[in-house]
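The chain contents come next:
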Amino acid sequence: MKKVCLIGLMVWLLAGCAAPVWETVEDILPAVEAAAWQETAYEIQLGLPEGVVLTEETETCRLYEAPEDNLEIQTETFLASGLDGAVRHLSGMYAENLTILKTQRFSLPEYQFVWYAQSEEGGWLCRADLVMDGLDCYAVVCRSRESGGNGLDEEIRQVFSSFGLFRDEGV
């Protein structure tokens, strides 16, 4: 009987140890605002070939077209958390599926890549130059029709060589 009482007492004592101890601490956390679009640090400057007209414009994107040359030029400023997201945003393709040339422009990393895009009207040969400044991305994309883009090499080269970033110092 003593053994049974002793075992019962031990079980009762040990069962109390297994109960969770609830401890509460009241932390006052600062409110964190979600990331929001900020004024960009730079504005894209670009030299355009003759006959190119602005067809669409938003706060962050401009689309120029030269219908007789089957050429489209797009400038865009956007936010991206990294190179993979920026490449996917511009080309619709994953970065690992493209050959990306990394250089520097304006002391910032620049990435150049090409891809082929199929549409209902036919194929497009596309090239992009992307300059990244933290989360801010500045891109120039040239698209030429597969059927009519052969004679545009020099014009496209001039567009990319004139690609610049301008900061208004407010002076």
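Calculation rules
- Residues numbered from 1 in each chain as written.
- Predicted model: local features only at pLDDT ≥ 70, side-chain atom pairs only at ≥ 80, totals over all residues.
- Heavy atoms only, no water.
- Pairing = 2+ DSSP bridges.
- Helix = DSSP H or I, 4+ residues; strand = E, 2+ residues; numbered from the N terminus.
- Axes fitted to C-alpha atoms, helices over the stretch in contact; angles between N-to-C directions.
- Polar contact = N/O pair within 3.5 Å; in protein donor to acceptor, adjacent residues only side chain to side chain.
- Contact = heavy atoms within 4.5 Å.
- pLDDT = per-residue confidence, 0-100.
- Buried < 20%, exposed > 50% of the residue type's maximum accessible area, 1.4 Å probe, protein only.
- Arc of directions from axis to C-beta.
- Salt bridge = Lys/Arg side-chain N within 4 Å of Asp/Glu carboxyl O.

Bringing the sheet that holds strand S7 (residues 122-133) into the picture now. Read from one edge to the other, the open sheet built from 7 strands follows the order S2-S3-S4-S8-S7-S6-S5, with strand pairing classed as antiparallel. A single partner strand is all that each edge strand has here, and the edge strands are strand S2 (53-57) and strand S5 (101-105). Strand-to-strand twist of the sheet, defined as the mean angle between neighbouring strand axes without regard to direction, takes the value 25°. Bridge count between S5 and strand S6 (residues 108-119): 5 bridges; the pairing is antiparallel. Within S6, the position partnered with Arg105 by the bridge is Leu108.

Its location among the elements puts Ser91 in helix H2 (residues 83-91). Separated by 2.8 Å, the side chain of Ser91 and the backbone oxygen of Val87 make a polar contact. Within the structure, the side chain of Ser91 is placed 3.1 Å from the backbone nitrogen of Met93, a separation counted as a polar contact. Ser91 has contacts with Leu98, Phe113 and Trp115, leaving out every residue within four places of it along the chain.

Of all residues in the protein chain, 73% have pLDDT values of 70 or greater, and the mean over the chain is 80. Scored below 50 in pLDDT, residues 32-36 shows 0 contacts in the model against residues more than four places distant or in partner chains.

This next bit is on the pairing of S6. Connecting S5 to the antiparallel partner S6 that follows it, the hairpin turn spans 2 residues, and Phe106 within it adopts a positive phi of roughly 60°. Examined bridge by bridge, S6 and S7 share 10 bridges and lie antiparallel to one another. The partner of Gln118 across the bridge, within S7, is Gly123. Counting the residues that bridge the hairpin from S6 to S7 gives 2 residues.

To continue, consider unusual backbone geometry. Its identity as a non-glycine residue notwithstanding, Phe106 has a phi of 60°, on the positive side. Turning to its location among the elements, Phe106 is positioned in the loop between S5 and S6.

One turn of an α-helix holds 3.6 residues; hence residues three or four places apart share an orientation. Regarding H2, the residues found buried are Ala86, Val87, Leu90 and Ser91. Here the buried residues of H2 occupy an arc of 105° about the axis, which is enough to place them on one side. One or two positions beyond H2, positive phi appears at Gly92, with a value near 80°.

Per the counting criterion, the structure on display carries 5 salt bridges. Measuring nitrogen to oxygen at the nearest pair gives 3.1 Å for the salt bridge that ties Arg143 to Glu72. Separated by 71 residues along the polypeptide, Arg143 in strand S8 (residues 136-145) and Glu72 in strand S4 (residues 71-79) bring together distant segments of the chain. The partner of Asp129 in a salt bridge is Arg127, with the nearest N and O atoms 3.3 Å apart. What makes Arg127 partly exposed here is its relative accessible area of 23%. A network of salt bridges, in which partner residues are shared, links Arg105, Glu110, Arg127 and Asp129.

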